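One-letter residues, chain by chain:
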Amino acid sequence: MLLAACGNGSSSSADGEVSGDLVVWEHDPSYDGAIEAVIEAFEEEYPDVEVEYESKASNDYYSLLTTALQSGTGPDVFWTNGTATENMATYVEQGKVLDITDSVDLSALNEESFDLAQIDGKTYSVPWMAFDTRVAYYNKDIFEELNLSEPQSFEEFESMLETIKDAGYVPISLSGMSSWQLLWVYEYILATKYPDYAAGFNDYTVKADSDEARDALQTVVDWAEKGYFGDGFKGVDTNGQTLAFTTGEAAMTIDGSWMNQTIAENNPDLNFGAFHIPGEDGQKTMMGSFANGFSGNADSENQAAVEAFLNFVATQEAQEIYVTELQAVSGSADIASVKGVTSEIADADRQVGTWQSMLTKHSSGDTSAASIWEEEGTQVLDGSMTVDELMDKIGKAMD
């Protein structure tokens, strides 16, 4: 049920306590456990505030949110991925996002996390102290059956793919329908093969359409042609990608660190681990960024409760709940990463920013490079666009 942002209103009671209703939207059910735990802790501290939480299907999230905000029925608090895409900036331009620069205390957070939360020096969202990276999840039982171990080089990893395919398993499950899932695989290969190039993403000292970028994407296309993603992967959605791995059809899947808990929940008996492939120098590169979190609806009639919720989310308590419940890689020295698979994901020698974030921040003109990837990226898999054609379009859209 779509609830109006006005709800029953929000106000400070006579004794100074915040009261009223809040509607909170998250973009994907995989985050439900972590968000619900944060909300439970918030409601314990603010017993006079009732929170209505809703998670939406990923593919429809922004269309639903845009319609709701424009019609005045939007949630009081909502997730965006910050400046990683254009959505939050668009809402800011439309006056739909609360400027929390002076109203929310972010002192407990790592300053590096503000990168996705700020536009023109003002803060519009609360980051999470979870470092979102891309990683290779693998089925330990299949690896043992085939006498395989974690690869010590990219060359060794590629040779493993053929071995796995010959044994009758899908080497890597992939949704050929999702430009995001393609991005995770592409960026993973890019960071592994060209770590020095990837180090330039943070300060934009490299070209987005460089030879390195083209070669890494061509590697993905080559893997597709060799059958390393399985038959019919072009018609597989994101749920199908996860299902192929959790049911043992695929030996590996390359996905985000945020999928750790979801994979475990989908099949509690699955014996799986995670690794980063070492580059030529033997070093493991972890590409990623801090996770962006919640923004406040500037049109909400529950402003006191909105600010109370965002301030609570920014506390050490809430951040630790989120990172722990999600089994995420911690981006804070004050919050420990959960042991097990999470510690395997965090096992890296260096950390770099993302290729995709560079596209968003440094695009020029009316068409962003990031939107070109999002709308046309998967065309390199079905042959309707070559790698060079896609990269040429992206290059023209950059500064």
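Quick summary incoming for the structure in this document. This structure is a prediction, so every number in the text was calculated from the model and none was measured.

### Notes on the overall build of the chain
Then comes step 1: Check the secondary structure of the chain and you find 17 helices and 13 strands.
Then comes step 2: Relative to the 2.2 N^0.38 estimate, which gives 21 Å for 399 residues, the radius of gyration of the chain is 21 Å and therefore close to what a compact globule would have.
Then comes step 3: Every one of the 399 residues in the chain was classed for burial, and the buried ones make up 56%.
Then comes step 4: Taking all contacts inside the chain whose residues are at least 6 apart in sequence as the whole, residues at least 24 apart take part in 76%.
Then comes step 5: For the chain, the accessible area works out to roughly 16500 Å², and carbon and sulfur atoms hold 43% of it.

### Let's talk about a negative patch on the surface
Then comes step 1: A grouping of Glu40, Glu44, Glu45, Glu317 and Glu320 is seen on the molecular surface, where their side chains present a negatively charged patch.
Then comes step 2: Counting residues per element, the ones that place at least two in the negative patch are helix H1 (32-45) and helix H12 (316-326).
Then comes step 3: Per-element tally for the negative patch: the top contributor is H1, with 3 residues.
Then comes step 4: Examined against the element boundaries, Glu40 turns out to sit in helix H1.

### Comments concerning the packing of aromatic side chains
Then comes step 1: This model, assessed by the stated rule, comprises 27 aromatic pairs.
Then comes step 2: Ring plane angle 85 degrees and centroid distance 6.4 Å describe the contact between Phe245 and Phe272, whose orientation is recorded as edge-to-face. One end of the pair, Phe245, is in helix H9 (residues 238-246); the other, Phe272, is in strand E10 (residues 272-275), and 27 residues separate them in sequence. This pair shows no difference in class: Phe245 is buried, exactly as Phe272 is.
Then comes step 3: Members of the aromatic cluster, joined through ring pairs, are Tyr138, Phe143, Phe154, Phe157, Trp223, Phe229, Phe233 and Phe275.

### Notes on the environment of Phe290
Then comes step 1: Looking at the secondary structure, you find Phe290 in strand E11 (residues 285-290).
Then comes step 2: Under the relative-accessibility criterion, Phe290 is labelled buried at 8%.
Then comes step 3: For the pair Phe290 and Asp115, spaced 175 residues apart in sequence, the C-alpha to C-alpha distance is 8.3 Å.
Then comes step 4: Discounting residues that sit within four places of it in the chain, Phe290 has contacts with Asn110, Glu112, Ser113, Leu116, Trp128, Met129, Ala130, Phe131 and Gly331.

### Quick word on the side chain of His27
Then comes step 1: Along the chain, His27 falls in the loop between strand E2 (18-26) and H1.
Then comes step 2: On the accessibility criterion, His27 (13% relative accessible area) is buried.
Then comes step 3: Within the local environment of His27, its side chain forms a polar contact with the side chain of Glu26, the two groups lying 2.4 Å apart.

### A few points about the nonpolar core
Then comes step 1: Among the nonpolar cores identified, the biggest contains 131 residues, and Tyr137, Tyr186, Met252, Phe294, Phe309, Tyr322 and Trp355 are the most heavily contacted of them.
Then comes step 2: With 9 residues, the single largest contributor to this core is helix H6 (residues 179-193).

### Describing the environment of Ser332
Then comes step 1: Relative to the assigned elements, Ser332 resides in the loop between H12 and helix H13 (341-345).
Then comes step 2: Sequence separation between Ser332 and Gln94 is 238 residues; the distance between their C-alpha atoms is 33 Å.
Then comes step 3: In this structure the side chain of Ser332 is engaged in a polar contact, spanning 3.1 Å, whose partner is the backbone nitrogen of Asp334.

What counts as what
Throughout this document, residue positions are counted from 1 along each chain, in the order its sequence is written. Two thresholds apply to this predicted model, a pLDDT of at least 70 for residue-level local features and 80 or more for giving and counting side-chain atom pairs, whereas whole-chain, interface and lining totals are computed over all residues. Side-chain measures were taken over the full set of non-hydrogen atoms in the model, leaving aside hydrogen atoms and water. In DSSP terms, a helix is any run of H or I states spanning at least four residues, a strand is any run of E spanning at least two, and both are numbered starting from the N terminus. Computation of the radius of gyration draws on C-alpha atoms alone. For the globule rule, the value is 2.2 Å times the number of residues to the power 0.38. Only protein chains enter the calculation, and the probe is 1.4 Å; a residue is then buried if its accessible area is under 20% of its type maximum, exposed if over 50%, and partly exposed in between. Throughout, a residue-residue contact means that at least one pair of heavy atoms, one from each residue, lies within 4.5 Å. The Shrake-Rupley method, run with a 1.4 Å probe sphere, supplies the accessible areas, and residue values consider only the shown protein chains as cover. Patch membership requires more than 30% relative accessible area and the absence of a salt bridge. Residues of like charge join within 9 Å; the nonpolar side chains Val, Leu, Ile, Met, Phe, Trp and Tyr join within 5 Å. Salt-bridge detection follows one rule: a side-chain nitrogen of Lys or Arg within 4 Å of a carboxyl oxygen of Asp or Glu. Here the positive residues are Lys and Arg and the negative ones are Asp and Glu; neither His nor the chain ends is included. The atoms used to mark charge sites are NZ of Lys, CZ of Arg, CG of Asp and CD of Glu. Only Phe, Tyr and Trp rings take part, Trp by its six-membered ring, and two of them pair if their centres are within 6.5 Å. Stacked means planes under 30 degrees apart, edge-to-face means over 60, and tilted covers everything else. Whenever a nitrogen or oxygen atom comes within 3.5 Å of another N or O atom, the pair is scored as a polar contact, on the condition that within protein one atom can donate a hydrogen and the other can accept it, and that pairs from neighbouring residues in sequence are kept only if both atoms are in side chains. We define the nonpolar core as a collection of buried residues of types Ala, Val, Leu, Ile, Met, Phe, Trp, Tyr and Cys that are connected through side-chain atoms lying within 4.5 Å of one another.

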